[in-house]
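Residue strings, one per chain:
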Amino acid sequence: MADTVGEEPVAVAPIVENVTELANNGTVKSAATPEGIALAYGSLVIMALIPIFCGAFRSVKHQQQQKASGEKVDTMTSKDAAMFPVIASCALFSLYIVFTIFSKDYINLLLSSYFFVLGVFALSHVFGPIISGLVPASVPFESYHLHLMKGDKEKKDYIINYGFTSYDLVCVLVCALLGVWYLLKKHWIANNLLGLAFAINGVELLHLNNIQTGSLLLGGLFVYDVFWVFGTNVMVTVAKSFEAPIKLVFPQDLLEKGLEADNFAMLGLGDIVIPGIFIALLLRFDHSLNRGSNTYFKATFAAYFAGLMMTIFVMHVFKHAQPALLYLVPACLSAPTLLALIKGDFKALIQYEDHPSGDDKTEDEKEEDKKSGKKDAKKDK
């Protein structure tokens, strides 16, 4: 959602929104200059594009690793996509009730602890290779493996089977320090580091299996976002009470106050991750075509950028809260559809699946399965 409070427009997440408040410790925040507003929203746009770009290419690598290892793949089904807006609505309204009944300080303490744990692991996954490369050579490199299983030697089932190194432990320690910094200071830089890590992980690891599921998810959240922004005040009420790194922020008064600035523009992670996982799917589709180009990814990535700019423009013109997905969803759906129609790839786009199900096997594959089944039946006899 995009929102305007006073003269300051704010873009926020579609599931739990965040808005700037006019008062801070009883004082009114200073009005941002045009230069400060431009710097803030330009920075937010760049920070929104980075997780989608990086996460999309990491999702391709993640998909290849899954196929190579034979790992069971968890993808979002059409039923999951259809239920997602319903579940999100229930979660949003539940938070509204909780914040209405209980003290928001205690609730935010619990939420901050929860996001601290998630944030440490998210940071470790994203920045692990960078931090590990900076570890001094004096630190010994040791490998460890955690095993937790149930059953005996003949029939055992691993509950935990995880390998790590001493460098991974150093990485977790550094990320934990960043998490503690956020818990204690709630500084906007620490918030952004956690938010970027969440967004990159989301785009990389949350896989849509096909275009139909992605379109259903985006369409459902389009309705969800419009309803909760224009239809009720639930989202804004929760937004003002909810404190967690679920958004990217940038101060509009940075030029005046430096790092101590406190008048923030915000962009919710939902407005990044939800379109981002769809754009990542299109990048994997590009790779499946083996044309040596990422045409569909580039076109939809550009459409997302245009939709984000349109959101900011409408906020400034009408000075009214705007659901960001109102502009992002049509942009992200129309770009690949029109391109596929022009290039003659529409059928391939609709039929593409990351991980084909049994029903989508070719006739030769189905015939081979039948022969294998008959052979197994004969052996049993």
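Because the structure is predicted, anything quoted here is derived from the model rather than measured.

Q: So what's going on with the overall build of the protein chain? Which residues, and what values?
A: Across its full length, the protein chain holds 13 helices and eight strands. When each of the 381 residues of the protein chain is scored for burial, the buried share is 45%. Here the contacts in the protein chain between residues at least 6 apart in sequence split such that 75% fall between residues at least 24 apart. Approximately 20,100 Å² of the protein chain is accessible, and the part contributed by carbon and sulfur atoms is 64%.

Q: I'd like a rundown of the pattern of salt bridges, residues and numbers included.
A: Counted by the stated rule, this structure contains five salt bridges. Glu204 is paired through a salt bridge with Arg58; the nearest N and O atoms lie 2.9 Å apart. Residue Glu204 is found in helix 5 (residues 188–205), and its partner Arg58 is found in helix 1 (residues 34–69); the two are separated by 146 residues along the sequence. One salt bridge in this structure joins Lys257 and Asp262, with 3.4 Å as the shortest N-O distance. Through salt bridges with shared partners, a single network forms among Asp253, Lys257 and Asp262.

Q: Describe helix 5, naming the residues involved and giving the relevant values.
A: Between the first and last C-alpha of helix 5 there are 25 Å, a value that for 18 residues agrees with the 26 Å anticipated at 1.5 Å per step. The buried count for helix 5 comes to 15 of 18 residues, which makes it a mostly enclosed element.

Q: Provide a residue-level description of a nonpolar patch on the surface, including the pertinent values.
A: On the surface, Leu146, Leu148, Ile159, Ile160 and Tyr162 cluster together to form a nonpolar patch covering roughly 480 Å² of accessible area. Of all elements in the fold, only strand 5 (143–151) and strand 6 (156–165) reach the threshold of two or more residues within the nonpolar patch. Looking at the nonpolar patch, the element that brings in the most residues is strand 6, giving three residues. In this fold, Ile160 is placed in strand 6. The class of Ile160 is partly exposed, set by a relative accessible area of 36%.

Q: Would you mind going over the side chain of Ser166 in detail, with residue names and values included?
A: Within the secondary structure, Ser166 is located in helix 4 (residues 166–185). In this structure Ser166 comes out as buried when scored by relative accessible area, which is 10%. At 2.7 Å, the side chain of Ser166 forms a polar contact with the backbone oxygen of Pro140. Apart from residues lying up to four places away in sequence, Ser166 is in contact with Pro140, Phe141, Glu142 and Tyr144.

Q: Can you tell me about the confidence of the model for the protein chain, naming the residues and giving the values?
A: In regions of low pLDDT, the predicted coordinates are not meant to be interpreted in detail. On average, the protein chain scores 83 in pLDDT, and the residues at 70 or more come to 84%. Note on residues 358–366: pLDDT is under 50 here. Beyond four places in sequence and across chains, it has five contacts. When the criterion is pLDDT under 50, residues 373–381 qualifies, and its contacts beyond four places in sequence or with other chains add up to zero contacts.

Q: Tell me about helix 9 (residues 270–289), and name the residues and values.
A: In an α-helix there are 3.6 residues to a turn, and that puts residues three or four apart on one side. In a regular helix each residue adds 1.5 Å, so 20 residues correspond to 28 Å; helix 9 covers 29 Å between its end C-alpha atoms and thus fits that length. At Gly276, helix 9 shows its largest bend, some 30°. Buried residues dominate helix 9, accounting for 17 of its 20 residues.

Q: I'd like to hear about the side chain of Asn294, residue by residue, with values.
A: Take Asn294: it is sitting in the loop between helix 9 and helix 10 (295–318). With sequence-adjacent residues up to four places away left out, Asn294 is seen in contact with Phe57, Leu283, Asp286 and His287.

Q: Could you give me a rundown of the packing of helix 6 (residues 211–231) against helix 11 (residues 325–343), with the residues and numbers involved?
A: One can describe the packing of helix 6 onto helix 11 by two numbers: an axis separation of 9 Å at closest approach and a directional angle of 160°. If you check the angle between helix 6 and helix 11, you find them roughly antiparallel. Crossing geometry of helix 6 relative to helix 11 is assigned as left-handed. Seen from helix 6, the contacting residues are Ser215, Leu218, Leu221, Phe222, Asp225, Val226 and Phe230; seen from helix 11, they are Leu325, Leu326, Val329, Pro330 and Leu333. Residue composition of the contact of helix 6 with helix 11, grouped by class: 10 nonpolar, one polar and one charged.

Q: Would you mind going over the packing of aromatic side chains in detail, with residue names and values included?
A: Scanning the model with the defined rule gives 17 aromatic pairs in all. With 5.5 Å between their ring centres and 80° between their planes, Phe57 and Phe297 make a pair best called edge-to-face. Of the two residues, Phe57 is situated in helix 1 and Phe297 in helix 10; the sequence distance between them amounts to 240 residues. Site record: aromatic cluster; members linked through ring pairs are Phe99, Tyr114, Phe115, Phe198 and Phe242. Taking the ring centre of Tyr182 as reference, the NZ or CZ of Lys186 above it sits at 5.4 Å.

Parameters and conventions
Residues numbered from 1 in each chain as written. Predicted model: local features only at pLDDT ≥ 70, side-chain atom pairs only at ≥ 80, totals over all residues. Heavy atoms only, no water. Helix = DSSP H or I, 4+ residues; strand = E, 2+ residues; numbered from the N terminus. Buried < 20%, exposed > 50% of the residue type's maximum accessible area, 1.4 Å probe, protein only. Contact = heavy atoms within 4.5 Å. Areas by Shrake-Rupley, 256 points an atom, 1.4 Å probe, with all protein chains shown as cover. Salt bridge = Lys/Arg side-chain N within 4 Å of Asp/Glu carboxyl O. Expected span 1.5 Å × (residues − 1). Patch = residues over 30% accessible without salt bridge, like charges linked within 9 Å, V, L, I, M, F, W, Y side chains within 5 Å. Polar contact = N/O pair within 3.5 Å; in protein donor to acceptor, adjacent residues only side chain to side chain. pLDDT = per-residue confidence, 0-100. Bend = angle between axes of the 7 residues up to and from the residue. Axes fitted to C-alpha atoms, helices over the stretch in contact; angles between N-to-C directions. Parallel < 35°, antiparallel > 145°, perpendicular 65-115°, else oblique. Left-handed = near helix turned anticlockwise from the far one by under 90°. Nonpolar A, V, L, I, M, F, W, Y, C, P; charged D, E, K, R; others polar. Phe/Tyr/Trp six-rings, centres within 6.5 Å; stacked < 30°, edge-to-face > 60°. Lys NZ or Arg CZ within 6 Å of the ring centre and 35° of its normal.

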